[in-house]
Amino acid sequence: MFENLDPVFLARVQFAFTVSFHILFPSFTIGLASWLAVLEWRWLRTGKQVYADVYKMWVKIFAVTFGMGVVSGVVLSFQFGTNWSIFSDAGGNIIGPLLGYEVLTAFFLEASFLGIMLFGWNRVSPRLHFAATLIVAAGTLVSAFWILSANSWMQTPAGFRVGEHGLLYPTDWLEVIFNPSFPYRFIHMVTAAYLTTAFTVAGIGAFYLWRKRHIAHARVMLGMAMIMAVCVAPLQLLFGDMHGLNTFAHQPAKVAAMEGLWETTRGAPLVLFGWPDQEAEITRYAVEVPKLSSLILTHSLDGEVRGLKAWPENERPPAAVVFWTFRIMVGLGLLMIATGVAAIVLYLRKRLFETRWFQYWCMALTPAGFVAVLAGWFVTEVGRQPWIVQGVLRTSDAVSPVMAQSVALSLAAFIVVYLFVFGAGTYYILHLINKGPEDGEGVYGGHGMDQPPLVTDVARKKGGRHVQS
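None of the values given here were measured: they were computed from a predicted structure.

About the criteria used
- Residues numbered from 1 in each chain as written.
- Predicted model: local features only at pLDDT ≥ 70, side-chain atom pairs only at ≥ 80, totals over all residues.
- Heavy atoms only, no water.
- Helix = DSSP H or I, 4+ residues; strand = E, 2+ residues; numbered from the N terminus.
- Buried < 20%, exposed > 50% of the residue type's maximum accessible area, 1.4 Å probe, protein only.
- Contact = heavy atoms within 4.5 Å.
- Axes fitted to C-alpha atoms, helices over the stretch in contact; angles between N-to-C directions.
- Parallel < 35°, antiparallel > 145°, perpendicular 65-115°, else oblique.
- Left-handed = near helix turned anticlockwise from the far one by under 90°.
- Nonpolar A, V, L, I, M, F, W, Y, C, P; charged D, E, K, R; others polar.
- Salt bridge = Lys/Arg side-chain N within 4 Å of Asp/Glu carboxyl O.
- Expected span 1.5 Å × (residues − 1).
- 1 Å grid on protein atoms, 1.4 Å probe; cavity = no way out; pocket = protein on both sides within 12 Å on 5 of 7 lines; lining within 4 Å.
- Points joined across faces, edges and corners; volume = space filled by probe spheres on them.
- Core = buried A, V, L, I, M, F, W, Y, C linked by side-chain atoms within 4.5 Å.
- Patch = residues over 30% accessible without salt bridge, like charges linked within 9 Å, V, L, I, M, F, W, Y side chains within 5 Å.
- Areas by Shrake-Rupley, 256 points an atom, 1.4 Å probe, with all protein chains shown as cover.
- Pairing = 2+ DSSP bridges.

Caption draft 1: Representation of the side chain of Thr65 in the model. On the secondary structure map, Thr65 appears in helix H2 (residues 49-82). Using a relative accessible area of 3% as the deciding quantity, one classes Thr65 as buried. Not counting residues up to four positions away in its chain, the partners in contact with Thr65 are Phe25, Phe28, Thr29 and Ile429.

Caption draft 2: Here's a closer look at the packing of helix H10 (residues 319-348) against helix H12 (residues 368-384). Where H10 meets H12, the closest approach of the two axes is 8 Å, and the angle between their N-to-C directions is 150°. Relative to H12, the element H10 lies roughly antiparallel. As for how H10 packs across H12, the hand of that crossing is left-handed. Counted together, Val321, Val322, Thr325, Phe326, Ile328, Met329, Leu332 and Met336 of H10 and Ala368, Gly369, Val371, Ala372, Ala375, Gly376, Phe378, Val379, Val382 and Gly383 of H12 form the full contact between these two elements. Of the residues contributing to the contact of H10 with H12, the split by class is 14 nonpolar, four polar and no charged.

Caption draft 3: Region of interest: the pattern of salt bridges. Taken as a whole and assessed by the stated rule, the structure comprises eight salt bridges. Across the pair Asp277 and Arg284 runs a salt bridge whose closest N-O atoms are separated by 2.9 Å. A salt bridge links Lys291 to Asp302; the nearest nitrogen and oxygen atoms lie 3.2 Å apart. On the criterion of sequence distance, the pair formed by Lys291 in the loop between strand E5 (282-289) and helix H9 (292-298) and Asp302 in the loop between H9 and strand E6 (304-305) is long-range, its members being eleven residues apart. Assessed through its relative accessible area of 34%, Lys291 is described here as partly exposed. Salt bridges linked by common partners bring Glu263, Glu281, Lys309 and Arg316 together as one network.

Caption draft 4: Main features of helix H4 (residues 126-155). An ideal rise of 1.5 Å per residue puts 44 Å on 30 residues; H4 measures up with 43 Å between its terminal C-alpha atoms. With 21 of its 30 residues buried, H4 lies for the most part within the structure.

Caption draft 5: Representation of the layout of surface pockets within the structure. There is about 1400 Å³ of room inside the largest pocket. In this structure, the largest pocket is lined by 49 residues; those nearest its centre are Phe15, Val19, His22, Leu76 and Ile147. At the level of secondary structure, the elements contributing two or more residues to the lining of the largest pocket comprise helix H1 (7-46), H2, helix H3 (85-119), H4 and H12. A per-element tally of the lining of the largest pocket places H1 first, with 13 residues. Across the lining of the largest pocket, the residue classes tally to 31 nonpolar, 13 polar and five charged. By volume, the second largest pocket amounts to about 1200 Å³. Surrounding the second largest pocket, 49 residues form its lining, His188, Gly240, Phe326, Met329 and Val330 being those nearest its centre.

Caption draft 6: Region of the structure containing the nonpolar core. Among the nonpolar cores identified, the biggest contains 68 residues, and Trp35, Leu36, Leu39, Trp58, Met221, Met226 and Phe358 are the most heavily contacted of them. Take this core: its biggest share by element is 14 residues, from H2. Excluding anything up to four places from it in sequence, Trp58 contacts Phe28, Leu32, Trp35, Leu36, Val201, Ile204 and Met221. Of all hydrophobic cores here, the second largest spans 33 residues; its members include Val8, Ala144, Phe182 and Ala192.

Caption draft 7: Fine view of a nonpolar patch on the surface. On the surface, Tyr101, Val103, Leu104, Phe108 and Trp173 cluster together into a nonpolar patch covering about 450 Å² of accessible area. With four residues, the single largest contributor to the nonpolar patch is H3. Mapped onto the elements, Val103 comes out in helix H3.

Caption draft 8: Just the pairing of E5, in detail. Here six bridges tie strand E4 (residues 270-277) to E5, and the two strands are oriented antiparallel to one another. Directly across from Val271, in E5, lies its bridge partner Glu288. Counting the residues that bridge the hairpin from E4 to E5 gives four residues, and of these Glu281 lies at a positive phi of roughly 60°.

Caption draft 9: Region of the structure containing unusual backbone geometry. Here the amide bond leading from Gln385 into Pro386 is cis, since omega sits at 15°, within 30 degrees of zero. In this fold, Pro386 is placed in the loop between H12 and strand E7 (387-389). Phi is positive for Lys212, which is not a glycine, with a value near 60°. The exposure class of Lys212 is exposed, given its relative accessible area of 63%. Of note in this structure, Lys350 is not a glycine but carries a positive phi near 60°. Within the element layout of this structure, Lys350 appears in the loop between H10 and helix H11 (356-364).

Written as structure tokens, this is what we have:
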């Protein structure tokens, strides 16, 4: 049954499966850690217990998600040695240190101070606990920095030379780290992570409002999430445009696949919908807006956009996958912007927390950030094909000399284990969500305080009094 299977294709499917699981967790924890820091800061500033209660609920979810992200990330590291040993051998001098820096500078920070976040609530001072939350939030951003630097280098390699036996050696680490696509991809990914967290939190808050449970806590969740949607979703559109222009300059074949464009054209239309046919080299059933693609990509109505036919057939990415995943990502981004606009209108009408249809809408969009991140990741990775390092090393030349049977069996094992392990983790997260925040869970009883120190300091300066517990 394995005779006709392609080991390269199976290795790609296996890595796509495992990385798709993995990316869901950091895309959530990056934004969630920063939001937890904001929640704790608001508690310290205002003394309102509702912020501490919401924090205590979501930090448990953060811990479970962080743990699943670590486990799934370890699997990816092993795959570099099992399925992609040729790539590891050729690019290890560059990719290895970048991934090592991520562990040394980010993972240790996150793992060390996560314990204080979880178990130090009544054991350390409020300020130290807040510092731990800030450090973990910074650690998630540092982790994203190194991982995206490594992946961006594979997209737009710079600062290296090809040595003996095809091995790649760094010649300028600053050029390696800050390669041409890295700044755009980093800000685009981090913003996507913040939006993923915002819409997840908004969906849970809307669920509580719909069920008329934890009303005060739900108002905090939905309100803060909508602030993020209002402020950040439009910025993501700008960042995405900047990233697209950078991709057009450095990976034009990927852009041609995203646009479903086959012929090099001046005044290229924007294809809204259609079906790219790789064999016929046309986009069937195309619905077009004249000249708009040229205007977006070149800022000129008559600008030239290269089509996929400008590259040999063996250097073109799979157009249909890139075309449709790009539209899924952009479509969800536009829905997020529309949600922010609706939130502003409802807030001005003083109906943000009472409007039932908006609660349904936010619940429906709960997974939108995760789907958009996955779609964007498919655009990035599939659009780079047939290269594993753009223009330097082909994917087909980077795979390990393993039999298709071995890859297929390990892929099947991964599917079974992942469904069991991550299914259990997801079940526990849903249990925490169903349980909801507990009133008064965040009181610093261990420090003899009913109010956080910043509040009591302000009261003392004003001559006020505070109650000692």
